[in-house]
Amino acid sequence: GNSVTQMEGPVTLSEEAFLTINCTYTATGYPSLFWYVQYPGEGLQLLLKATKADDKGSNKGFEATYRKETTSFHLEKGSVQVSDSAVYFCALANNNAGNMLTFGGGTRLMVKP
Amino acid sequence: NAGVTQTPKFRILKIGQSMTLQCAQDMNHNYMYWYRQDPGMGLKLIYYSVGAGITDKGEVPNGYNVSRSTTEDFPLRLELAAPSQTSVYFCASRRDPSEKLFFGSGTQLSVL
């Protein structure tokens, strides 16, 4: 079956530090990969996505590259801000399963001024 | 811009009580979903619907029921609340499977 594993949090960084949140997946076929973000008191919202191998998704300074050879989709940002403090979820959608999303456990990021 | 609206935001239930979590969307989306989020775990799909009058079980449907009488509304019913149902519940919707999901802000439920 499908599964997503991401690093446990919380991750605590100082402002302007470099961010990496690791995500690896197990899936049959060729899934699409996503990062969702949940700001305090809000629902999840799509941050970025990649639909095929070697694609790079990017948004708001965040990037993630679809690595089929390592089954990974690590989230990176070169310089985090306090406003990036949130919970980040890695997810996959498999066309074989009606594009149902499988989520990782979430990683809480706390950025200090 | 209402999007996906969930009510209530917080609720405490006693074991054996029942309640309905409300979910409404104003985007004319056909596909609607209920997830639960347990601490440190990913979101688990409870039930989903591909259109009015059609519902189907997800990964963890036991102890829950849903209905979809209109396109806009997708309520989730807990008949006999159990402590194992303590969780945060999210409703989500999308126009079709190729599009992104829009989430509500969640309902935090505690069963004591």
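Residues numbered from 1 in each chain as written. Chains lettered and ligands numbered in written order. Predicted model: local features only at pLDDT ≥ 70, side-chain atom pairs only at ≥ 80, totals over all residues. Heavy atoms only, no water.

Participant: What is the right way to read the pattern of salt bridges from this model?
Facilitator: Between side chains of opposite charge, a pair can form when the charged atoms approach closely. Applying the stated criterion across every chain, the model contains seven salt bridges over all chains. Of the charged contacts, one joins A:K56 and A:E63 as a salt bridge, the two residues approaching to 3.6 Å between their closest N and O atoms. With a shortest N-O distance of 3.7 Å, B:E59 and B:K44 are connected by a salt bridge. One end of the pair, B:E59, is in the loop between β6 (54-57) and β7 (64-66); the other, B:K44, is in strand β5 (residues 43-51), and 15 residues separate them in sequence. Classification of B:K44 as partly exposed rests on a relative accessible area of 27%. (Salt bridge = Lys/Arg side-chain N within 4 Å of Asp/Glu carboxyl O. Helix = DSSP H or I, 4+ residues; strand = E, 2+ residues; numbered from the N terminus. Buried < 20%, exposed > 50% of the residue type's maximum accessible area, 1.4 Å probe, protein only.)

Participant: How should the sheet that holds strand β7 (residues 56-59) of chain A be read in this particular structure?
Facilitator: The pairing of strands in a sheet comes from backbone hydrogen bonds and takes either a parallel or an antiparallel form. All names here are of chain A. Taken together, four strands build an open sheet; the order of strands is β3-β9-β8-β7 and the sheet is antiparallel. Each edge of the sheet is formed by a strand with only one pairing partner; in this case those strands are β3 (19-21) and β7. Geometrically, the sheet is characterised by an average inter-axis angle of 15° between neighbouring strands, direction not taken into account. Pairing between β7 and strand β8 (residues 62-65): four bridges, direction antiparallel. Residue pairing across strands places K56 opposite T65, the latter belonging to β8. (Pairing = 2+ DSSP bridges. Axes fitted to C-alpha atoms, helices over the stretch in contact; angles between N-to-C directions.)

Bear in mind that shape data such as this cannot, by itself, settle questions of function.
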